[in-house]
Amino acid sequence: MTQSNDTPNRLDRIEAILEQLVERTNENTQQLTITMQSVDRLANIQIEAFQAIGTLQQLIADTQQSMSEMQSEVRGLQTENRRILDILQHRNGGN
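None of these values were measured; they are calculated from a predicted model.

Peer 1: So what's going on with the overall build of the protein chain? Residues and values would help.
Peer 2: Within the protein chain, the secondary structure is distributed over one helix and zero strands. The C-alpha atoms of the protein chain give a radius of gyration of 40 Å, which is well past the 12 Å a tight globule of 95 residues would have. A buried classification covers 0% of the 95 residues belonging to the protein chain. Of the roughly 9,000 Å² of accessible surface on the protein chain, 56% is carried by carbon and sulfur atoms. Positive and negative side-chain charges in the protein chain, numbering 8 and 13 respectively, have mean positions lying 13 Å apart.

Peer 1: I'd love a proper account of a negative patch on the surface, names of residues and values included.
Peer 2: Taken together, the side chains of D12, E15, E19, E23 and E27 define an acidic patch exposed on the protein surface. Inspection of the secondary structure assignment puts E15 in helix α1 (residues 2-91).

Reading the values: the criteria
- Residues numbered from 1 in each chain as written.
- Predicted model: local features only at pLDDT ≥ 70, side-chain atom pairs only at ≥ 80, totals over all residues.
- Heavy atoms only, no water.
- Helix = DSSP H or I, 4+ residues; strand = E, 2+ residues; numbered from the N terminus.
- Rg over C-alpha atoms; globule rule 2.2 N^0.38 Å.
- Buried < 20%, exposed > 50% of the residue type's maximum accessible area, 1.4 Å probe, protein only.
- Areas by Shrake-Rupley, 256 points an atom, 1.4 Å probe, with all protein chains shown as cover.
- Lys, Arg positive; Asp, Glu negative; His and termini not counted.
- Charge placed at Lys NZ, Arg CZ, Asp CG, Glu CD.
- Patch = residues over 30% accessible without salt bridge, like charges linked within 9 Å, V, L, I, M, F, W, Y side chains within 5 Å.
- Salt bridge = Lys/Arg side-chain N within 4 Å of Asp/Glu carboxyl O.

Here is the structure:
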């Protein structure tokens, strides 16, 4: 008789264990979904960061080009100013 009394108790324990497993599986599934959403958000942030870096690199390159052009123009103006100064100094007899 012990065997017949033990069977319902054993089935109840197995059922309780299965319910716990189902509950833990559901919790793990929810956590996995949350984690996957976080990974997706991080991936999007990374893409945006790379795009921003690309934009910044282009702005830096454009700025360097502009600065180079300005330096060239300044050198030209300096040369022109020296010529004008030389002309004026020669007109006034070197004074």
